[in-house]
Amino acid sequence: GFAFLKLDYSNIEARTAAVLAQETTMLAAFESGVDLHKKTASLMLKVPVDQITKEQRTMGKVCNLALIYGMGAERLQDFANTYFANTHFDCIWTLQEAEANREIFLNAYPKLRTWHTACNGYADENDVWVRDSGPTTLRSMTGRLRRQAAGYSTRININSQSIACDGLKTAI
């Protein structure tokens with residue numbers, strides 16, 4: 001007969017992004033078995049991982065889900081407030097708090113910022129950085145094409161998600 005399988009690759013996209021960015025702090029957390037959402041909250045709040053509360057972990061999770069893919073402060077504010085409301089977490093972020101949390105996150109994981117930049121630009125013939133957010137064609141590691149990929153977050157997202165997807169399909 002047949003059987004249904006339910007598989008959970010814990011934080012597969014965050015793991016993929018950490019490898020692509022060579023973000024050593026995230027990679028160390030994964031390798032040591034530390035919960036990434038608690039680790040992020042710990043870094044952002046300057047509280048030991050073992051003292052992170054459920055609510056603080058939620059904040060870390062929101063930042064991981066949003067900021068690994070380069071979300072800006074306004075979208076982060078909207079995403080966080082929607083996520084908090086849906087999980088019955090009594091917290092509302094102002095735009096200033098979202099901006100501050102975004103900056104703290106990117107300072108905690110500096111190689112993500114470098115990777116984000118690299119996904120969205122190139123050095124020209126004079127070694128001057130050119131930001132390029134116009135439509136382009138991106139190719140996954142297994143050769144799948146994504147045509148007309150435009151926008152800062154989309155270009156970051158496609159790199160990580162295509163590798164995670166290709167890996168999951170191979171595993172199945």
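Located above this text is the structure these notes cover.
Residues numbered from 1 in each chain as written. Predicted model: local features only at pLDDT ≥ 70, side-chain atom pairs only at ≥ 80, totals over all residues. Heavy atoms only, no water.

Colleague: How do you make sense of the pattern of salt bridges when you look at a structure like this?
Modeller: Charged atoms that come close allow side chains of opposite charge to pair. All told, the structure shown has two salt bridges when counted by the stated rule. Where Glu103 meets Arg113, a salt bridge forms, and the shortest distance between an N and an O atom there is 2.8 Å. Within this pair, whereas Glu103 is found in helix 6 (residues 95-108), its partner Arg113 is found in helix 7 (residues 110-119), the two being separated by 10 residues in sequence. The exposure class assigned to Arg113 is partly exposed, which follows from its relative accessible area of 30%. (Salt bridge = Lys/Arg side-chain N within 4 Å of Asp/Glu carboxyl O. Helix = DSSP H or I, 4+ residues; strand = E, 2+ residues; numbered from the N terminus. Buried < 20%, exposed > 50% of the residue type's maximum accessible area, 1.4 Å probe, protein only.)

Colleague: Explain the side chain of Glu23 here, please?
Modeller: Examined against the element boundaries, Glu23 turns out to sit in the loop between helix 1 (12-21) and helix 2 (24-32). With near-sequence residues (within four places) excluded, Glu23 lies in contact with Ala18, Ala108, Tyr109, Pro110, Lys111 and Leu112. (Contact = heavy atoms within 4.5 Å.)

Colleague: In this structure, what is going on with the environment of Cys63? I would like to understand it.
Modeller: Relative to the assigned elements, Cys63 resides in helix 4 (residues 54-67). On the basis of relative accessible area, Cys63 is assigned to the buried category, the value being 0%. Between the C-alpha atoms of Cys63 and Arg102, which are 39 residues apart in sequence, the distance is 7.5 Å. Beyond its immediate sequence surroundings of up to four residues, Cys63 is in contact with Thr40, Met44, Ile68, Trp93 and Phe105.

Colleague: What should I look at first to understand the packing of helix 2 against helix 3 (residues 36-45) in this one?
Modeller: Any two packed helices are characterised by the angle at which their axes cross and by the distance between the axes. Remark: helix 2 packs on helix 3, axes separated minimally by 10 Å, with the N-to-C direction vectors making an angle of 135°. Taken together, the axis directions place helix 2 and helix 3 in an arrangement best described as oblique. For the pair helix 2 and helix 3, the sense of crossing is right-handed. Residue-level contacts link Thr25, Met26, Ala29 and Phe30 of helix 2 to Leu36, Lys39 and Leu43 of helix 3. Grouping the constituent residues of the contact of helix 2 with helix 3 by class yields five nonpolar, one polar and one charged. (Axes fitted to C-alpha atoms, helices over the stretch in contact; angles between N-to-C directions. Parallel < 35°, antiparallel > 145°, perpendicular 65-115°, else oblique. Left-handed = near helix turned anticlockwise from the far one by under 90°. Nonpolar A, V, L, I, M, F, W, Y, C, P; charged D, E, K, R; others polar.)

Colleague: Mind showing me how you'd approach the packing of aromatic side chains here?
Modeller: Geometry of an aromatic ring pair is reported as the spacing of the ring centres plus the angle between the planes. Overall, the coordinates contain two aromatic pairs when judged by the stated rule. Their ring planes at 35° and their centres at 6.1 Å tell us that Phe79 and Tyr83 sit as a pair that is tilted. Taken together, the residues span about one helical turn, with Phe79 and Tyr83 both in helix 5 (residues 73-86) at a distance of four residues. Under the relative-accessibility criterion, Phe79 is labelled partly exposed at 26%. Measuring from centroid to centroid gives 5.1 Å for Phe105 and Tyr109, while their planes differ by 70°, and the two rings are edge-to-face. In this structure, Phe105 and Tyr109 share a single accessibility class: buried. (Phe/Tyr/Trp six-rings, centres within 6.5 Å; stacked < 30°, edge-to-face > 60°.)

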